[in-house]
Structure formats: C-alpha cells, structure tokens
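The residues making up each chain are set out below.
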Amino acid sequence: MFVILVSFAFGFGMLLARFGLPPMVGFLVAGFAYNLLGLERPAGLEVAADLGITLLLFSIGLKLDVRGLLKPVIWASATAQMVLTTGVIFGALLAAQALTGSALLAVSWPTLVLLGFALSFSSTVFAVKALEEKGDMSAFYGVVAIGILIMQDLFAVLYLAISEGKIPSPWAVAVLALPLARPVLFWLMDRAGRGELFILCGLFFALGLGAEGFNLVKLKPDLGALAVGVLVAGHPRASELSKALFGFKELMLVGFFLSVGMKGLPNAGMVGAAALLCLLLPLKTGIYHLVVSRFGLRPRTSLFTALALTNYSEFGLILTAIAAKQGALSPDWLLVVAIAVSLSFFVGAPLCTRSEAVYRFMHRWLCHFECTRCHPNEAPIDLGAAKAVILGMGRIGMGAYDELRPVYGDDILGVEHVPARVDRNREAGRNVILGDACDTEFWLKLQNDKQLEMVILAMPNHTGNMFAAHQLHNMGFSGQVAAVARFPEEVEELDGLGVCAVFNMYERAGTGLARFSLDACQLRERA
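For every chain, the first residue of the written sequence is number 1, and numbering continues from 1 along that sequence. Reporting of local features is limited, given that this is a predicted model, to residues whose pLDDT is at least 70; pairs of side-chain atoms are given and counted only at 80 or more, and all residues count toward the totals for whole chains, interfaces and linings. Note that the side-chain values use all heavy atoms of the structure and ignore hydrogens as well as water.

Caption draft 1: Examining the overall build of the chain more closely. Where helices and strands are cited, they refer to DSSP runs of H or I of at least four residues and of E of at least two residues respectively, numbered from the N terminus. Counting its secondary structure elements, the chain contains 24 helices and six strands. In what follows, a contact means two residues having at least one pair of non-hydrogen atoms within 4.5 Å. A separation threshold of at least 6 residues defines the contact pool for the chain, and within that pool the share at least 24 residues apart is 75%. Looking at the chain as shown, the accessible area adds up to about 25,200 Å², and 65% of this sits on carbon and sulfur atoms. Per-residue and other accessible areas follow the Shrake-Rupley method at a 1.4 Å probe size, with only the shown protein chains counted as cover for residues.

Caption draft 2: Structural detail: the packing of helix α5 (residues 72–100) against helix α6 (residues 109–119). Axis lines are fitted to C-alpha atoms, over the contacting stretch for helices. Their N-to-C directions set the angle, which ranges from 0 to 180 degrees. Put simply, α5 and α6 touch, their axes get as near as 8 Å, and they point 130° apart. Viewed along their axes, α5 and α6 adopt a mutual orientation that is oblique. α5 and α6 meet at a crossing whose hand is right-handed. Each of Met82, Thr86, Ile89, Phe90, Leu93, Leu94 and Gln97 in α5 lies in contact with α6, whose residues at this interface are Trp109, Leu112, Val113, Leu115, Gly116, Phe117 and Leu119. Residue composition of the contact of α5 with α6, grouped by class: eleven nonpolar, three polar and no charged. Here the word oblique covers every angle except those under 35 degrees (roughly parallel), over 145 (roughly antiparallel) and from 65 to 115 (roughly perpendicular). With the far helix as reference, a near helix turned anticlockwise by less than a right angle produces a left-handed crossing, and one turned clockwise produces a right-handed crossing. Polar here means any residue other than Ala, Val, Leu, Ile, Met, Phe, Trp, Tyr, Cys and Pro, which are nonpolar, and Asp, Glu, Lys and Arg, which are charged; Gly is therefore polar.

Caption draft 3: Quick look at the side chain of His289. Residue position: His289 is located in helix α14 (residues 281–293). Setting aside chain neighbours within four positions, we find His289 in contact with Pro299, Ser302, Leu303, Ala306, Leu366 and Phe369.

Caption draft 4: Layout of the nonpolar core. Within this scheme, the nonpolar core is defined by two criteria: the residues are buried Ala, Val, Leu, Ile, Met, Phe, Trp, Tyr or Cys, and they are joined through side-chain atoms within 4.5 Å. Each residue's exposure class comes from its accessible area (1.4 Å probe, protein chains only) as a fraction of the maximum for that residue type: buried when under 20%, exposed when over 50%, partly exposed otherwise. By size, the foremost hydrophobic cluster in this structure holds 93 residues, and its most contacted members are Leu277 and Trp333. Of all the elements, helix α17 (residues 332–353) adds the most residues to this core, at eleven residues. Ignoring any residue separated from it by four or fewer positions in sequence, one finds Trp333 in contact with Leu104, Leu105, Leu115, Leu277 and Thr320. Counting residues in each nonpolar core, the second largest holds 24 residues, with Leu391, Ala437, Ala483 and Val491 among its members.

Caption draft 5: The pairing of strand β5 (residues 480–485), seen in detail. Sheet analysis places strand β4 (residues 454–457) next to β5, joined by four bridges and oriented parallel. Paired with Val455 across the two strands is Val481, which belongs to β5. By definition, the crossover connecting two strands over a helix is right-handed if that path, from the first strand to the second, turns clockwise as seen with the strands pointing away from the viewer. Since β4 and β5 lie parallel, the crossover through helix α22 (residues 462–474) that links them has a hand, and here it is right-handed. Strands qualify as paired when DSSP identifies two bridges or more between them.

Caption draft 6: Local environment of the environment of Thr79. Here Thr79 is to be found in helix α5. Along the chain, Thr79 and Gln152 lie 73 residues apart, while their C-alpha atoms are 8.3 Å from each other.

Caption draft 7: The packing of aromatic side chains, seen in detail. For Phe, Tyr and Trp, where Trp contributes only its six-membered ring, two rings pair if their centres lie within 6.5 Å, and the inter-plane angle classes them as stacked under 30 degrees, edge-to-face over 60, or tilted in between. Inspection of every chain in the model, using the stated rule, returns six aromatic pairs. Ring centres of Phe126 and Phe345 lie 4.9 Å apart, and the angle between their planes is 15°; on these two criteria the pair is classed as stacked. Here Phe126 is found in helix α7 (residues 124–134), whereas its partner Phe345 is found in helix α17, with 219 residues between them in sequence. Using a relative accessible area of 0% as the deciding quantity, one classes Phe126 as buried. In textbook terms, an aromatic cluster arises when at least three aromatic residues are bridged by ring pairs, as seen for Phe8, Phe12 and Tyr34. Sitting over a ring, as applied to charges here, requires NZ of Lys or CZ of Arg to be within 6 Å of the ring centre and within 35 degrees of the ring normal. The ring of Phe198 is capped by Arg237, whose NZ or CZ atom sits 4.0 Å from the centre of that ring.

Caption draft 8: The pattern of salt bridges, seen in detail. Any carboxyl oxygen of Asp or Glu within 4 Å of a side-chain nitrogen of Lys or Arg constitutes a salt bridge here. As enumerated under the stated definition, the model contains seven salt bridges in all. Notably, a salt bridge pairs Arg237 with Glu240, separated by 3.0 Å at the nearest N-O pair. As a salt-bridge pair, Arg421 and Glu416 come within 3.4 Å of each other at their nearest N and O atoms. Taking relative accessible area as the criterion, Arg421 reaches 24% and is therefore assigned partly exposed. Counted as one network, the salt bridges with shared partners bring together Arg194, Arg237 and Glu240.

Caption draft 9: Structural view of the side chain of Thr310. Structurally, the position occupied by Thr310 is in the loop between α15 (299–308) and α16 (314–325). Among the residues examined, Thr310 registers a relative accessible area of 2% and is labelled buried. Polar contact is the term for a pair of N or O atoms within 3.5 Å; when the atoms are in protein, one must be able to donate a hydrogen and the other to accept it, and sequence-neighboring residues count only if both atoms are side-chain atoms. In terms of polar contacts, Thr310 uses its side chain to reach the side chain of Thr285, at 2.8 Å. Here the side chain of Thr310 touches Ala306 through a polar contact of 2.8 Å, landing on its backbone oxygen. Not counting the four nearest positions on each side in its chain, Thr310 is found in contact with Leu281, Thr285, Ser344, Gly348 and Leu351.

Caption draft 10: Broad picture of a negative patch on the surface. Patch membership needs two things, relative accessible area over 30% and no salt bridge, and members are linked within 9 Å if like-charged or within 5 Å if nonpolar (Val, Leu, Ile, Met, Phe, Trp, Tyr). We count Lys and Arg on the positive side and Asp and Glu on the negative side, and we leave His and both chain ends out. A charge is said to be at NZ when it belongs to Lys, at CZ for Arg, at CG for Asp and at CD for Glu. There is a patch of like negative charges on the surface, built from Glu489, Glu492, Glu493 and Asp495. Relative to the helices and strands, Asp495 is located in helix α23 (residues 488–496). Owing to a relative accessible area of 42%, Asp495 belongs among the partly exposed residues under this scheme.

Caption draft 11: Molecular detail of the packing of helix α3 (residues 45–62) against helix α10 (residues 196–216). For the pair α3 and α10, interaxial distance at closest approach is 10 Å and the crossing angle is 105°. Accordingly, the angle class assigned to the pair α3 and α10 is roughly perpendicular. Listed contacts from α10 to Leu51, Thr54, Leu55 and Phe58 of α3 are Gly202, Leu203, Phe205, Ala206, Leu207 and Ala211.

Spelled out as structure tokens, the structure:
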C-alpha cells in the first residue's frame, strides 16, 4: 500500500506541476484519489505528517528573529486580522443558517463563532512551502507573513490549553531555563561534523529536546521544536543545519498533505458547503491586506502578504475535531473543513505563485487603500548616480561588488531585499540599499537613470533573475547585463533575453578553483 501511495503522490504531483501548480496540491489530490478508491491507509502516515510539521517549525525557528514579533506590524496585525475574520465568517455563517436552514448549520451561535475562529487561521505549512519555492522566506513581506503565522500558532496553543482542559505540568516552568542550555547546544553543533551526525544533531534538537521535552510537561510539542530552533538560530551553522534537514523535512511534509486528502469520503452536500466556505477567501484576503497596509506597507507588499495567507489552516481541522468530540458539532463538519482546507490550497497556490501578475492587474485599485505614512522598510528607492548595480547581495553579489569596486569606486550600488543582509553589507563598507528586483515599481526608477552602465543579476533564484532580465529587455537597456545560473537550460533562457554574460556556477567552479590555486602558488613563490 505504501508503494501505491508513493506512486499516487509522484504521479499527481508531476501532473499538477505541469499546469503550474505547486506539487503540494498534487499530493492533496493524490490523498483524495487514494481514499476514493477505498485503499487501506498506510500505517505510519500520521507519524510522518507530524514529523514534517515539527521539522517545519524547527526550521522556522532557525531563521526567526524573535524581536521582530514584538513589532506592531506583526502582533497587532495578527490580532486584528483574527478578530475581524472571525466576525466576518461568523456573520456569513449566521446568514447562511437563517437563509438555508441546512442541517449542518443547525448549531448554536457560540459554535458558529468557534467555526469562524477556526477558519480565521492560515496554514503555516502551505505558506512556508510557497515562500520557500519562490525564494521569498527572507523578503520583507515573507517575514511579515511568517511573523503573523507564528502569532497565530501562539494563539492556537493558548486555545488548545483552554479547550482541551489541559493544564501544563508544574515542571513546565523549567522551559524558562532553556536559554541556559544554549552554550551546550552550540557545543554539540560545533562537534557534530558535517555528515550524518550533523543531521542527527538537528533531529535530536527538534524531535527529542524540543517536541518530546515540551510534551513531557504537557506543552504543545510543535511549540517546543520552534523554541529550540530559536535558541540555536544565533549559531554560525544554523543556516547549514536548516539546509541539511531540508530534504528530510520535505519528504515528511508529503505525508502531511496526503493525510489531509485522506480525511474521509464526502457527499455532495459537504463538498458544496466547503465550496461556499472558499467563497469567503477573498474577504479573508481583503482583511489581511487592509490590516497590514495600515502599518505603512505599500500596496504590493500588503497584497503579497495577503496572498501568501490566502488559505484555511490545518489547525481548523484540529478545532473542528475538538468540537465534534465534545458534541458541539456534527462529525460531518470535520470532512467539510478538510475539503475547505484542501480547496483553499487550490485557490491560494496559483495566486501566490503569480502574485506579481495579480498585483499588476489590481495596482490602480489597490493604491486607494495605501497609507499616507511609509514603513521604514518600504521607503522609496534612490539609485543616486550609480553606474553599476548588483541585484542580490548574497555571497556571489558581495564577491562581484568587491571585484568591481576598483573600477567604479563609489559609483557602484548593491540592491538586496533581505533587511538583515543589507545591514551586514553596510557594516562591511558596501553601498547597499533595501529593494526587491522582482518589484515592478523598482524598475520604474531605473528607466530614467541614464548613467547606468552595468547590471549584474546575482539573485539566488532563477525566476528572479529572469524577471529582472525581462524588465531590462523591455525598457531597452543598452548597457552590459551579466547573470548567474546553475543549469544549462537557465543559461539558454538568459541568453535569449540578451544577457551578455551568464556565469554557470557549477561549470565555472572548477575554473575558479584552478585560477585561485595558481594565484596562491605565484604568491608563495614570490614570498
């Protein structure tokens, strides 16, 4: 049965990827198809799903800036959104109860409030996966979206503690001493090497110390994985640990999406109810956009944040299961919410993937909701008198900047969309500004810059470099354009847009090593 399920996941994932949808949507379809055929549910699937979510939260913790959660744009946005969305969905369900007389809606108004609360959450798994695939986890809108999701997770922990009647163990106060263990955790990471022992070190932190440690004191295990991830986030190898666990985490998350699709076999009425719930998604998206825009975020950033959160959450299933267990809801609602969560992924996936096209379509209308004051991270971009611009100031961008500095001096400018990376480059003496080269408005500022001679596309994802190359091509830029690529097909695509020099990182790695070795030998001979 396990082999059949894997085959279903691969087949549907490949099929929907051909239509431009994320593979995760294919995994959901695979779960429904597998269940529809009446095949036996493989043992251990739920365990794999739980492991995937735990490792996902651990990886979020490895990249989390705790101080960022204290910013009003995070905690106030999350709180306001949940209150407004709960109220809107409650009102819609109350109206449907009065108009339709459906047996599913034959519940008390507090139960309708509970349903509204459950549907106000957005899926952490879906949003993080979508942001990772776009390479926008560290973008400003990605940071805001993840911060809101983490605040929602904290609300979820509080609700579960109250609704399930679980009182944390008296030993739960011991988790406050976790920061004292940080030197020990750092010591273990330093001595874990770089092979399988390093991966096991990460699994021990996430599953052993974090999840199981919190479970022993009757706290939410996933919260424990997140907390331990935050503790080791300051280690120099935290990013390396996240990458080492990436493949294992992705594989386990396949189990999560399959399990969502295998919650049961719905009837036509349940599918109809779930579809009606999905009609409320535009209202939920509008609330997200309205709330975050009040904190000075530009229309594009507000829309991208809202689209990343345009879905229902797997947490809605948990709340519904609790209500059904307590007799407040019919068990049929568990299937309705499961279908609504799955359908919301279908709706949200293409919107998030094509967010730039959605923004261009809605740009003029969205500008009416723009706040008069501007968030510091959203300040207008000023290129000054730059003659050379490097888009993407990661390791490759920094290297290119340092090589060009003797030629252009102060007339060279780096552009980076990750605020922390901008700060690091400025501390190193580089002239770097915060900006997103995948933002259409960014390119409007380049069109009037007649002094610009060279643009280097050094962004980590090929999609971003291709978008920038398209913009340069469309604006008729006559200067030199260079870019990085990883695979031959990427080189061909960039060549087709008139990029004069494409550096294949993998093919040229040996050449660079040989040149570095020769230079080192010559220096030694002179010494």
